[in-house]
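Spelled out, the chains give:
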Amino acid sequence: MQQQALPRHIAVIMDGNGRWAKMRGLPRTDGHKQGAEVFRKICRYAADIGVEYLSFYAFSTENWKRSAQEVDAIMDLLRHYLNEMEEREQENEEGGYRIRFLGAREGMPPDIAHLMDEVEERSKDKTRMFVNLCVNYGGRAEIVHAARALAEQVQRGELSPADITEQSVSDLLYTAGQPDPDLVIRPSGEYRLSNFLIWQSAYAEFYYDNVLWPDFTPADFDRAIEAYRNRDRRFGNAK
Ligand code: IPE
Ligand code: IPE
Ligand code: MG
């Protein structure tokens, strides 16, 4: 069997931060801090090897269920990261990332939502690699959002229900215009999607790894890609 080409779009569920911290007798927040460092490292590595689209699950619509203390700490980290991006403009310039935040802005602290808009705007002409950061993201909420938009178009008489296609739904998702993920990586030994890119990952290849996200290295990333390259993608075709 011929090997697959390098995946164009890789999606990563950054999981295991809490367990990583707990194993070290540290507060969960320290795990999130370390996880953010690993996020940066993997971004740089992926851009170096030529990945075009890289998506990260950072905070789900379900993660609001956590203690106020943990949620606040995660929001503080995000705020810090967004502010730093301005300072890291130079690095970002070299990295050439076009950054998008996928998820509902409503419900986010307003200052963070504003910073997200700014970062997206500043990076909009970068072309080296697309980086999607999924924050306050839920796959079901995303589909509901698209369904509402379609219903409104129908109500205004602009669209006939018979003309709704898979493409019309895709075009209303946060990932509109981007290729679907080819490979979804989940570290930390959990075997589930947890509401991540559920529409877009319909034909993705899944790779699970026991390593906790804060320990995840470029070598682990390579192993996931290598596994992907040896998969036989059929998309429903006969062999
Ligand atoms: C992933 O790590 C980060 C977020 C969900 C925000 P976790 O915090 O879920 O870590 P575990 O799964 O408890 O180890
Ligand atoms: C998924 O991890 C969300 C993120 C990594 C941001 P969770 O830790 O929230 O998922 P579950 O609860 O184990 O399914
Ligand atoms: Mg988790």
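Structure's up top.
Bear in mind the structure is a predicted one, so any value in this text is a computation, not a measurement.

A.B. asks: Sorry if this is basic, but what is going on with the layout of surface pockets here?
C.D. replies: Think of a ball as big as a water molecule: rolled over the atoms, this probe shows where empty space is left. Estimates place the volume of the largest pocket at around 760 Å³. What lines the largest pocket is a set of 32 residues, among which Met 14, Asn 17, Tyr 57, Ala 58 and Phe 59 lie closest to the centre. Elements with a minimum of two residues in the lining of the largest pocket: helix H1 (17-23), helix H2 (28-49), strand E2 (53-60), helix H3 (68-87) and strand E4 (129-137). Each residue belonging to the lining of the largest pocket can be placed in one class, and the counts come to 15 nonpolar, nine polar and eight charged. Of the volumes computed, that of the second largest pocket is approximately 260 Å³. Taken together, 13 residues form the lining of the second largest pocket, with Asp 180, Trp 199, Gln 200, Ala 202 and Tyr 203 sitting closest to its centre. When its residues are assigned to classes, the lining of the second largest pocket shows six nonpolar, three polar and four charged.

A.B. asks: Looking at this structure, how should I read the pattern of salt bridges?
C.D. replies: When charged atoms on two side chains of opposite charge get close, those side chains can pair. Counted by the stated rule, this structure contains 22 salt bridges. Among the ionic pairs, Arg 186 bridges to Asp 15, the shortest N-O distance being 2.7 Å. Of the two residues, Arg 186 sits in strand E5 (residues 183-186) while Asp 15 sits in the loop between strand E1 (9-13) and H1, which places them 171 residues apart along the sequence. There is no split in this pair, since Arg 186 and Asp 15 are both buried. Close ionic contact of Glu 121 with Lys 124 constitutes a salt bridge, the shortest N to O distance being 3.2 Å.

A.B. asks: Just checking my understanding: could you explain the environment of Glu 89 for this structure?
C.D. replies: Within the element layout of this structure, Glu 89 appears in helix H4 (residues 89-95). Along the primary structure Glu 89 and Arg 122 are separated by 33 residues, whereas in three dimensions their C-alpha atoms are 9.1 Å apart.

A.B. asks: Just to check I follow, could you spell out the nonpolar core for this structure?
C.D. replies: Soluble globular proteins tend to pack their nonpolar side chains together in the buried interior. Of all hydrophobic cores here, the largest spans 43 residues; its most connected members are Ile 10, Phe 39, Phe 56, Leu 82, Met 129, Trp 213 and Phe 221. The element that contributes the greatest number of residues to this core is H3, accounting for seven residues. Filtering out sequence-adjacent residues up to four positions away, Trp 213 remains in contact with Val 12, Met 14, Asp 15, Gly 16, Asn 17, Gly 35, Val 38, Phe 39, Ile 42, Phe 56 and Pro 187.

A.B. asks: Explain the site of ligand 2 here, please?
C.D. replies: The environment of ligand 2 is made up of Ile 13, Met 14, Asp 15, Tyr 57, Ala 58, Phe 59, Asn 63, Arg 66, Arg 186, Arg 192 and Ser 194. A distance of 3.3 Å separates an oxygen atom of ligand 2 from a polar side-chain atom of Arg 66. A distance of 3.3 Å is found between an oxygen atom of ligand 2 and a side-chain nitrogen or oxygen belonging to Arg 186. The fraction of the free accessible surface of ligand 2 (380 Å²) that becomes covered by protein chains is 78%. Most atoms of ligand 2, that is more than half of them, are within 2 Å of grid points of the largest pocket.

A.B. asks: It is not clear to me how helix H5 (residues 110-122) should be interpreted in this structure. Could you clarify?
C.D. replies: Taking 1.5 Å of rise per residue, the 13 residues of H5 would be expected to cover 18 Å, and the 18 Å separating its terminal C-alpha atoms lies within 8% of that figure. The set of residues buried in H5 consists of Ile 112, Ala 113, Leu 115, Met 116 and Val 119. Burial along H5 is one-sided: seen end-on, the buried residues are contained in an arc of 160 degrees. Buried-residue contacts for H5 involve H3, strand E3 (97-102) and E4.

A.B. asks: Would you take a moment to explain the sheet that holds E2 for this structure?
C.D. replies: Strand-to-strand pairing in sheets goes through backbone hydrogen bonds, with the strands running parallel or antiparallel. Read from one edge to the other, the open sheet built from six strands follows the order E3-E4-E2-E1-E5-E6, with strand pairing classed as parallel. Each end of this open sheet is capped by a strand with a single partner; those strands are E3 and strand E6 (205-208). With strand direction ignored, the average angle separating the axes of adjacent strands in the sheet is 20 degrees. Taken together, the five bridges between E1 and E2 define a ladder with parallel strand orientation.

A.B. asks: Is there a simple way to explain the packing of H3 against H5 in this structure?
C.D. replies: For the pair H3 and H5, interaxial distance at closest approach is 10 Å and the crossing angle is 35 degrees. At the point where H3 passes H5, the crossing takes the left-handed sense. Along its contact with H3, which presents Met 75, Leu 78, Arg 79, Leu 82, Asn 83, Met 85 and Glu 86, the element H5 presents Asp 111, Ile 112, Leu 115, Met 116, Glu 118, Val 119 and Arg 122. For the contact of H3 with H5, the residue count by class is eight nonpolar, one polar and five charged.

Calculation notes
Residues numbered from 1 in each chain as written. Chains lettered and ligands numbered in written order. Predicted model: local features only at pLDDT ≥ 70, side-chain atom pairs only at ≥ 80, totals over all residues. Heavy atoms only, no water. 1 Å grid on protein atoms, 1.4 Å probe; cavity = no way out; pocket = protein on both sides within 12 Å on 5 of 7 lines; lining within 4 Å. Points joined across faces, edges and corners; volume = space filled by probe spheres on them. Helix = DSSP H or I, 4+ residues; strand = E, 2+ residues; numbered from the N terminus. Nonpolar A, V, L, I, M, F, W, Y, C, P; charged D, E, K, R; others polar. Salt bridge = Lys/Arg side-chain N within 4 Å of Asp/Glu carboxyl O. Buried < 20%, exposed > 50% of the residue type's maximum accessible area, 1.4 Å probe, protein only. Core = buried A, V, L, I, M, F, W, Y, C linked by side-chain atoms within 4.5 Å. Contact = heavy atoms within 4.5 Å. Near = heavy atom within 4 Å. Polar contact = N/O pair within 3.5 Å; in protein donor to acceptor, adjacent residues only side chain to side chain. Areas by Shrake-Rupley, 256 points an atom, 1.4 Å probe, with all protein chains shown as cover. Sits in = over half its atoms within 2 Å of the grid points. Expected span 1.5 Å × (residues − 1). Arc of directions from axis to C-beta. Pairing = 2+ DSSP bridges. Axes fitted to C-alpha atoms, helices over the stretch in contact; angles between N-to-C directions. Left-handed = near helix turned anticlockwise from the far one by under 90°.

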